[in-house]
Amino acid sequence: SAVISQKPSRDICQRGTSLTIQCQVDSQVTMMFWYRQQPGQSLTLIATANQGSEATYESGFVIDKFPISRPNLTFSTLTVSNMSPEDSSIYLCSVEFGGRSTDTQYFGPGTRLTVL
Amino acid sequence: GEDVEQSLFLSVREGDSSVINCTYTDSSSTYLYWYKQEPGAGLQLLTYIFSNMDMKQDQRLTVLLNKKDKHLSLRIADTQTGDSAIYFCADINFNKFYFGSGTKLNVKP
């Protein structure tokens, strides 16, 4: 498996500001994913971030609101732009590890965001 | 898209067995997964099962898969208070994970 860390672990932000969340993995991975978990809800995939290409966004999520960087095989950032209280969620990054045989995803500890 | 459904709550007494159920709609799922989320934490992979298996046992955990009925279950034997968490089932379809809503397991001492 991989060890995944996220920064910050939590933050309280003002409406209209932006927050960049970092995800660091201790080994090189091809595919990284960003999820949102709204209070009391399941996980919703925001986008898939592959190194060297533009992120692929899911329906309902756009690059202007959630720009993603993937500068190398161990790191990615997700920015939540122009925040509103509706963006209050846990944001989780995950990586696919183990090769094609299992396609298993491992998750970071999450970033708990509260927007006032 | 894929629908993955779970009951929302389960309450058991310490020492009893817990059974958490999940149904899914995609018959082409290759692997199915169980994740555990403790309060304030990310998701921890508990176990997974390949779709051509009908049972997998790993210490206190037993996963049963009924592919015909598209039903997956997770049995936790001798449930402990430390097992209190939210449990998510998930399957993978075309490299995309679909998660259930999560079952909150409450273990009473």
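Preceding block: the structure.
Keep in mind it's a predicted model, so treat the numbers as computed, not measured. (Residues numbered from 1 in each chain as written. Chains lettered and ligands numbered in written order. Predicted model: local features only at pLDDT ≥ 70, side-chain atom pairs only at ≥ 80, totals over all residues. Heavy atoms only, no water.)

A. Representation of the sheet that holds strand β8 (residues 75-80) of chain A. Residues and elements named next belong to chain A. Across the sheet, four strands lie side by side as β1-β3-β8-β7; this open sheet has antiparallel pairing. Both edges of this open sheet fall to β1 (4-7) and β7 (68-72), since each of them pairs with a single strand only. When the angles between neighbouring strand axes are averaged without regard to direction, this sheet yields 15°. The sheet contact formed by β7 and β8 spans three bridges and is antiparallel. When the bridges of β8 are listed, N72 appears paired with F75. (Pairing = 2+ DSSP bridges. Helix = DSSP H or I, 4+ residues; strand = E, 2+ residues; numbered from the N terminus. Axes fitted to C-alpha atoms, helices over the stretch in contact; angles between N-to-C directions.)

B. Quick look at the packing of aromatic side chains. Tallied over the full model, the rule gives 14 aromatic pairs over all chains. Aromatic pair B:Y33 and B:Y48: ring centres 6.0 Å apart, planes at 45°, arrangement tilted. Here B:Y33, found in strand β4 (residues 31-37), pairs with B:Y48, found in strand β5 (residues 43-50); they are 15 residues apart in sequence, far enough to count as distant. Taking the relative accessible area as the measure of exposure, B:Y48 reaches 26% and is therefore partly exposed. Put simply, the rings of A:Y35, A:F107, B:Y31, B:Y33, B:Y35, B:Y48, B:F50, B:F97 and B:F99 touch in pairs and so form one group of aromatic residues. (Phe/Tyr/Trp six-rings, centres within 6.5 Å; stacked < 30°, edge-to-face > 60°. Buried < 20%, exposed > 50% of the residue type's maximum accessible area, 1.4 Å probe, protein only.)

C. Molecular detail of the interface of chain B and chain A. On the side of chain A, 20 residues touch chain B, which itself brings 18 residues to the contact. Summed over both sides, the interface between chain B and chain A buries roughly 1500 Å², with carbon and sulfur atoms accounting for 52% of that surface. For chain B, the biggest contributors to the area lost against chain A are B:L43, B:N95 and B:F99; these three give 30% of the whole. At the surface where chain B touches chain A, the tally comes to zero salt bridges. Our count for the chain B to chain A interface comes out at four residue pairs in polar contact (both at pLDDT 80 or more). At the level of secondary structure, the elements contributing two or more residues to the side of chain B that touches chain A comprise β4, β5, β9 (85-93) and β10 (96-99) of chain B. Partitioned by chemical class, the residues of the side of chain B that touches chain A number eleven nonpolar, six polar and one charged. (Contact = heavy atoms within 4.5 Å. Buried area = accessible area lost by both parts, 1.4 Å probe. Salt bridge = Lys/Arg side-chain N within 4 Å of Asp/Glu carboxyl O. Polar contact = N/O pair within 3.5 Å; in protein donor to acceptor, adjacent residues only side chain to side chain. Nonpolar A, V, L, I, M, F, W, Y, C, P; charged D, E, K, R; others polar.)

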